[in-house]
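Working through the structure, step by step
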Amino acid sequence: MMRTVKAMAAAFIMAMTFNAPAMAQNMEKASHMKMKKHVCTAACKDGKHVYAHGEKGHVCTAECKKAMKKM
């Protein structure tokens, strides 16, 4: 019984060790994405704004998420 617990603990620690770089990279990407203030472009007309990715007010669509995966 004790041997099983030790083996499970060792497996868990090894899994977390191998996963740590990926977790750190995801956290780094999230911290870089600070929202900027919106700056109007030619796409903004009649008081309706078109927010760019990373601007306050932007809501990601499926197309936006696909583009971000390519980066």
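I will try to describe carefully the structure that is included in this document. Since this is a predicted model, take the numbers as computed values, not measurements. (Residues numbered from 1 in each chain as written. Predicted model: local features only at pLDDT ≥ 70, side-chain atom pairs only at ≥ 80, totals over all residues. Heavy atoms only, no water.)

Looking at the overall build of the protein
Applied cut-off: Where helices and strands are cited, they refer to DSSP runs of H or I of at least four residues and of E of at least two residues respectively, numbered from the N terminus. Residue burial is assigned from relative accessible area. The probe radius is 1.4 Å, only protein chains are included, and a residue is buried under 20% of its type maximum, exposed over 50%, and partly exposed in between. Only the protein chains shown count as covering a residue, and every accessible area follows the Shrake-Rupley method with a 1.4 Å probe.
Looking only at helices and strands, the protein has 2 helices and 0 strands in total. Out of the 71 residues in the protein, the part that is buried amounts to 8%. Summed over its atoms, the accessible surface of the protein is roughly 6700 Å², and 66% of this surface lies on carbon and sulfur atoms.

Looking at unusual backbone geometry
Positive phi, close to 50°, is recorded for D46, a residue that is not glycine. On the secondary structure map, D46 appears in the loop between α1 (2-32) and α2 (62-70).

As for a nonpolar patch on the surface
Note the following rule: Only residues above 30% relative accessible area that lack a salt bridge enter a patch, with like-charged residues linked at up to 9 Å and the nonpolar side chains Val, Leu, Ile, Met, Phe, Trp and Tyr linked at up to 5 Å. A pairing counts as a salt bridge when a side-chain nitrogen of Lys or Arg comes within 4 Å of a carboxyl oxygen of Asp or Glu.
Taken together, M1, M2 and V5 make up a surface patch of nonpolar side chains, about 380 Å² in accessible area. By secondary structure assignment, the location of M1 is in the segment before α1.

Some words on the side chain of E55
Here is the rule we go by: His residues and chain termini do not enter the charge count, which takes Lys and Arg as positive and Asp and Glu as negative. What makes two residues a contact is simply this: any of their non-hydrogen atoms within 4.5 Å.
For E55, the location among the structural elements is in the loop between α1 and α2. For the buried residue E55, which engages in no salt bridge, the nearest side chain bearing the opposite charge is K36, 5.9 Å off. Aside from chain neighbours lying at most four places away, what touches E55 is M35, K36, K37, H38, V39 and V50.

Brief notes about the side chain of H38
Short version of the rule: For the purposes of these results, a polar contact is taken to be a pair of N or O atoms within 3.5 Å, where, inside protein, one atom must be able to donate a hydrogen and its partner to accept one; residues adjacent in sequence count only when each atom of the pair is a side-chain atom.
Mapping H38 onto the fold places it in the loop between α1 and α2. Here H49 takes part through its side chain, which lies 3.3 Å from a polar atom of the side chain of H38. With residues near it in sequence (within four places) discarded, H38 still touches C44, H49, V50, Y51, E55 and K56.

A few points about the state of the cysteines
The condition is simple: The definition used for a disulfide is geometric: two cysteine sulfur atoms within 2.5 Å.
By the definition in use, this model includes 0 disulfides. Cysteine C44 shares no disulfide, and the gap to the nearest cysteine sulfur, in C40, comes to 4.1 Å. You can see C64 has no disulfide; the closest cysteine sulfur is in C60, sitting 3.6 Å from it. Residue classification places C64 among the buried positions, given a relative accessible area of 14%.

By themselves these figures say nothing about function.
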